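Survey of secondary and tertiary structure
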Amino acid sequence: MQSWVNKLWYDGHILRFVLWPLSLVFAAITWFRRQLYTVGVKPQAVLPVPVIIVGNITVGGSGKTPTVIYLIELLRKQGYKPGVISRGYGVDIDGVRSVYTGDSACLVGDEPAMIVARTQVPMVVGAKRIDAAHQLLNDFDVDLIISDDGLQHYALGRDIELVILDGERRLGNGMLLPAGPLREGQWRTSTVDHVIINGGEAQRGEQQMLLKPTLWHSVNGKQRQSNAPQPEQEVVAMAGIGNPSRFFDTLAGMGYRLDRVQAFDDHSAYSEATLSALAAERPLLMTEKDAVKCREFAKDNWWYLAVDAKLSPSFDQQLLTRVKQVVEEKQR
C-alpha cells in the first residue's frame, strides 16, 4: 500500500488528476474548519505556559520525533522543564494516558514510547490534545509544552509553530489529500515560525537539520555495545518509518553490506515470527522507533541505531529568544 501511495504522491502518477476533485473537497472542508477558529465560532484553548507545535503539512514521517527530543534537551539546558503531549498514533486510548519509561508501544504509541525511553520527559497522550495538556500541567512539574504533531489541531492554542519537511520528498506533487500528501497548502509554511528541513538542501529562510547516527543498542538490552555489527558485515535491515530508504541509505553509507532490506508501513505492528523469519541468520538492524515495538520478543542479534538531530546555533538562539518572550508575555 505504501509503495503505491509513494508513486501517486511523489513519482508523478497520472492518477493524481483523477483524485484532484476530491482534493478540492478536502480543501474546502479544511478551509471552513480553520475559519471557525479564526472568527471565534470555535474557541481555541490558551494555556498558561508556552506551547510549541512540532508538526508537518505532509502525511507521513518527516523527522518530528528527533526534533522533539532535540528541543527537550535544548530547553532543559536553559533551565526549562518541558513536557510533551501527543495523539498516540495507532493506539486506542480512552481519554488521556500518562507515558512512563518501559510502557509498551502498543499501549501508548511507538513515538511516545521512544521519546520517554530516550528522555524520561513527562508525557501525556490522548486524542484530544487539550485534555492531554491539562493533565500534563496538573500531574507534572512542567513550565512549557511541546506538542508532537498537532499543527492542524487548531483547538489547541499555540505560541510557536515548527514545520518539519523531508528534504528529499519535500511537498511531493504539491497537491492536497488524497491526490497528494499535503494536509494543508504550501501557503502554510509562510505562517509558521520555522520550517526545518530534514536532510536534503534547505532553501532560503529554512533551517537545516541533520540526523547523526550515534551508537548501536541491543533491542532486548542483553548485549553489550561492543558486540554490535561492524561495517563491512552482511546484515538485514528493516524500517517502518515515513521514508525507510533514508535508513537503508544511512546503513550503506556507514559501510554495512545489506543482504536484504524490508520496508514496512509507518507505525506497523511487528510479530516475533515475521521478524525472525526476516533475519534468521544475519544481524537484524532497525530504527529506534521500530525497536520500542520489539523489545519484548527481540533476539540477541537484533540492534537499533540511535540518531541525534543537529540544528544550527542560530536556530537555537532564535527559538530560545522567542520562548523567553512568550514566557514574559504570559506572566504579565
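Above this text is the structure in question.
A few points on the structure. For clarity, every value in this text was computed on a predicted model and none was experimentally measured. (Residues numbered from 1 in each chain as written. Predicted model: local features only at pLDDT ≥ 70, side-chain atom pairs only at ≥ 80, totals over all residues. Heavy atoms only, no water.)

Turning our attention to the pairing of strand β4 (residues 123-126). Here β4 shows a buried face lined by M123 and V125 and a second buried face lined by V124 and G126. Sheet analysis places strand β2 (residues 82-86) next to β4, joined by three bridges and oriented parallel. Within β4, the residue paired with S86 across the bridge is V125. (Buried < 20%, exposed > 50% of the residue type's maximum accessible area, 1.4 Å probe, protein only. Helix = DSSP H or I, 4+ residues; strand = E, 2+ residues; numbered from the N terminus. Pairing = 2+ DSSP bridges.)

Mapped onto the elements, N198 comes out in strand β7 (residues 194-198). We classify N198 as buried; its relative accessible area is 3%. A polar side-chain atom of N198 sits 3.0 Å from the main-chain carbonyl oxygen of S62. N198 has contacts with S62, G63, I164, L165, D166, G167, M209, L211 and R246, leaving out every residue within four places of it along the chain. (Polar contact = N/O pair within 3.5 Å; in protein donor to acceptor, adjacent residues only side chain to side chain. Contact = heavy atoms within 4.5 Å.)

A word on the pattern of salt bridges. This model, assessed by the stated rule, comprises 19 salt bridges. Ionic contacts of the salt-bridge type, sharing partners, join the residues R34, R158, E161, E184 and R188 into one network. (Salt bridge = Lys/Arg side-chain N within 4 Å of Asp/Glu carboxyl O.)

Take the packing of helix α3 (residues 64-77) against helix α5 (residues 110-119) next. A pair of packed helices is captured by two measures, namely the crossing angle of their axes and the spacing between those axes. α5 packs onto α3 with a crossing angle of 30° between their chain directions and a minimal axis gap of 10 Å. When the axis of α3 is compared with that of α5, the two are roughly parallel. Helix-helix and strand crossings are classified by hand; for α3 and α5 the assignment is right-handed. Contact residues: α3 offers T65, V68, I69, I72 and R76, while α5 offers E111, M114, I115, R118 and T119. The residue inventory of the contact of α3 with α5, partitioned by class, reads five nonpolar, two polar and three charged. (Axes fitted to C-alpha atoms, helices over the stretch in contact; angles between N-to-C directions. Parallel < 35°, antiparallel > 145°, perpendicular 65-115°, else oblique. Left-handed = near helix turned anticlockwise from the far one by under 90°. Nonpolar A, V, L, I, M, F, W, Y, C, P; charged D, E, K, R; others polar.)

Working definition: an aromatic ring pair is given by the centre-to-centre distance plus the angle between the planes. Taken as a whole and judged by the stated rule, the model has six aromatic pairs. Measuring from centroid to centroid gives 6.1 Å for F247 and F248, while their planes differ by 55°, and the two rings are tilted. F248 sits in the buried class, given a relative accessible area of 10%. Between the NZ or CZ atom of R169 and the centre of the ring of Y10, over which it lies, the distance is 4.8 Å. (Phe/Tyr/Trp six-rings, centres within 6.5 Å; stacked < 30°, edge-to-face > 60°. Lys NZ or Arg CZ within 6 Å of the ring centre and 35° of its normal.)

Counting residues in hydrophobic clusters, the biggest one holds 38 residues, and the most contacted among them are I52, L71, L75, I146, L162 and V323. If you tally residues by element for this core, the top one is α3, at seven residues. When residues no more than four places from it in sequence are discounted, the contact partners of V323 are I52, L75, Y80, L144 and I160. One finds L47, V51, L165 and L176 within the second-largest nonpolar core, a separate group that totals 22 residues. (Core = buried A, V, L, I, M, F, W, Y, C linked by side-chain atoms within 4.5 Å.)

Right, let's talk about the environment of G40 for a bit. Counting through the fold element by element, G40 comes out in the loop between α2 (15-38) and β1 (51-55). Here G40 falls in the partly exposed class, since its relative accessible area comes to 48%. As for G40 and W187, which are separated by 147 residues in sequence, their C-alpha atoms are 22 Å apart.

Pairing is mixed across the open sheet formed by twelve strands, whose spatial order is β3-β4-β2-β5-β1-β6-β7-β8-β12-β11-β9-β10. Sheet topology places β3 (96-99) and β10 (257-263) at the edges, where each strand pairs with a single neighbour. With strand direction ignored, the average angle separating the axes of adjacent strands in the sheet is 25°. Where strand β8 (residues 207-218) lies against strand β12 (residues 302-310), seven bridges are found, and the strand directions are antiparallel. The residue bridging S218 from the neighbouring strand is W303, located in β12. Of the strands in this sheet, β1, β2, β5 (144-148), β6 (160-166), β7, β8 and β12 are in contact with α3, which crosses β5 at around 170°.

Below, the discussion takes up the side chain of R183. Relative to the assigned elements, R183 resides in the loop between β6 and β7. A distance of 3.3 Å separates a polar atom in the side chain of R183 from a polar atom in the side chain of N56. Once residues within four sequence positions are removed from consideration, R183 is found in contact with F26, T30, N56, I57, T58, V59, D149, Q152, L176 and L177.

Moving on, we get to the packing of α3 against helix α10 (residues 313-331). Running from N to C, α3 and α10 point in directions that differ by 65°, and their axes come no closer than 11 Å. The angle between the axes of α3 and α10 places the two elements in the roughly perpendicular class. Along this stretch, α3 crosses α10, giving a crossing that reads as right-handed. Two secondary-structure elements touch here, α3 through Y70, L71, L74 and L75 and α10 through F315, D316, L319, L320 and V323.

That is the geometry; function is a separate question.
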